[in-house]
Amino acid sequence: MPKRVTTGRRTKPFGSRTVVRKSRKARPVCPSLLVLECDPAKLAAHSLTSARDIHTLVGTLVPSARRYFIPARLRQELLLQLARCAEECSAVDIIVVCGHSNQAGLQLTSDWFAPWDEVAQWIAPFQPKRVVLVACQGGRWLPSSTLFRGISTLQEIFGSPVLLTDQQALLIKLLVPHLLTNGGLKKDILQMVQVANFLLTNGVIFPQTRKGFERSGIEDGVLWTAIEDLLKGWLGR
């Protein structure tokens, strides 16, 4: 029998080893981004480069972020790319969608104009917290409500209720790196940035939140749609 050494606190066998367990530090979670460039040939024909600009900017300002870039040329090709991306990444923080759209839907590929409920269906598996739309009228009440209903993880949408150019999307380009690193933007600061963006580029960007839509009803949707139509007419686009 090994001798025991008596201490003030406890006894242990003489010569026994004390195992020191190192606490495991949780690995930092890298922010993640998926950029979807819809019908890139048509975007290039109109000199629209927001998708690649955002992807490059995030790589420069947030090098730790996991980035995925999908040029959506044809429907079948896009579905294969989405499936491959889903195998590599089960969830992303932000999805940026750049393309031509209206209140009814989005030109996802050259051979596929998808209603907003179909758009929601195909990006929902990536469980995004935020969706950023560099797409005309994507930030209107009806498209936003459809995306919130179709994507259970979605908490916030950024988009324009009117037509949008690359130059007018300046706020969005700068906003994406900030959202990836800080997770949000204070309301007063966002309002100042919105005003500056409008004065500099004549661009209109609205944030929409799930809480806001959960509190709203059909009457609110009708009111917002009317306001958006007036805004579109006032801006001439």
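Residues numbered from 1 in each chain as written. Predicted model: local features only at pLDDT ≥ 70, side-chain atom pairs only at ≥ 80, totals over all residues. Heavy atoms only, no water.

Peer 1: What exactly am I supposed to notice about the environment of phenylalanine 198 here?
Peer 2: Considering the arrangement of structural elements, one finds phenylalanine 198 in helix H7 (residues 187-201). Put simply, phenylalanine 198 and glutamine 168 are 30 residues apart on the chain and 7.8 Å apart in space, counted from C-alpha to C-alpha. (Helix = DSSP H or I, 4+ residues; strand = E, 2+ residues; numbered from the N terminus.)

Peer 1: It is not clear to me how the pattern of salt bridges should be interpreted in this structure. Could you clarify?
Peer 2: It is possible for side chains of opposite charge to pair when their charged atoms get near one another. Enumeration according to the criterion identifies five salt bridges in this entry. Here glutamate 37 and arginine 52 are joined by a salt bridge, their closest N and O atoms 3.0 Å apart. Of the two residues, glutamate 37 is situated in strand S3 (residues 32-38) and arginine 52 in helix H2 (residues 50-61); the sequence distance between them amounts to 15 residues. A salt bridge links aspartate 53 to lysine 173, with the shortest nitrogen-to-oxygen separation between them at 3.2 Å. In this pair, aspartate 53 is assigned in helix H2 and lysine 173 in helix H6 (residues 170-182), connecting sequence segments 120 residues apart. By relative accessible area, which is 30% here, aspartate 53 ends up partly exposed. Of the residues examined, lysine 173 reaches a relative accessible area of 15% and is grouped as buried. (Salt bridge = Lys/Arg side-chain N within 4 Å of Asp/Glu carboxyl O. Buried < 20%, exposed > 50% of the residue type's maximum accessible area, 1.4 Å probe, protein only.)

Peer 1: Help me understand the packing of aromatic side chains, please; the structure alone is not making it clear to me.
Peer 2: For any two aromatic rings, the description comes down to two numbers: the centre-to-centre distance and the angle of the planes. Counted by the stated rule, this structure contains three aromatic pairs. Centroid distance tryptophan 112 to tryptophan 122: 6.4 Å. Interplanar angle 85°. Geometry classified as edge-to-face. Here tryptophan 112 is found in strand S7 (residues 112-115), whereas its partner tryptophan 122 is found in helix H4 (residues 116-123), with 10 residues between them in sequence. Given a relative accessible area of 4%, tryptophan 112 falls into the buried group. The class for tryptophan 122 is partly exposed, based on a relative accessible area of 30%. Ring geometry for tryptophan 141 against phenylalanine 213: centres 5.5 Å apart, planes inclined by 35°, an arrangement best described as tilted. Note that tryptophan 141 is positioned in helix H5 (residues 141-150) and phenylalanine 213 in helix H8 (residues 210-215), a separation of 72 residues in sequence. Per residue, the accessibility class of tryptophan 141 equals that of phenylalanine 213, and both read buried. Here the aromatic residues Trp141, Phe148 and Phe213 are joined through ring pairs into a cluster of three or more. One Lys or Arg, arginine 75, reaches over the ring of tryptophan 112 and ends 4.1 Å from the middle of that ring. (Phe/Tyr/Trp six-rings, centres within 6.5 Å; stacked < 30°, edge-to-face > 60°. Lys NZ or Arg CZ within 6 Å of the ring centre and 35° of its normal.)

These figures come from the coordinates and say nothing about function on their own.
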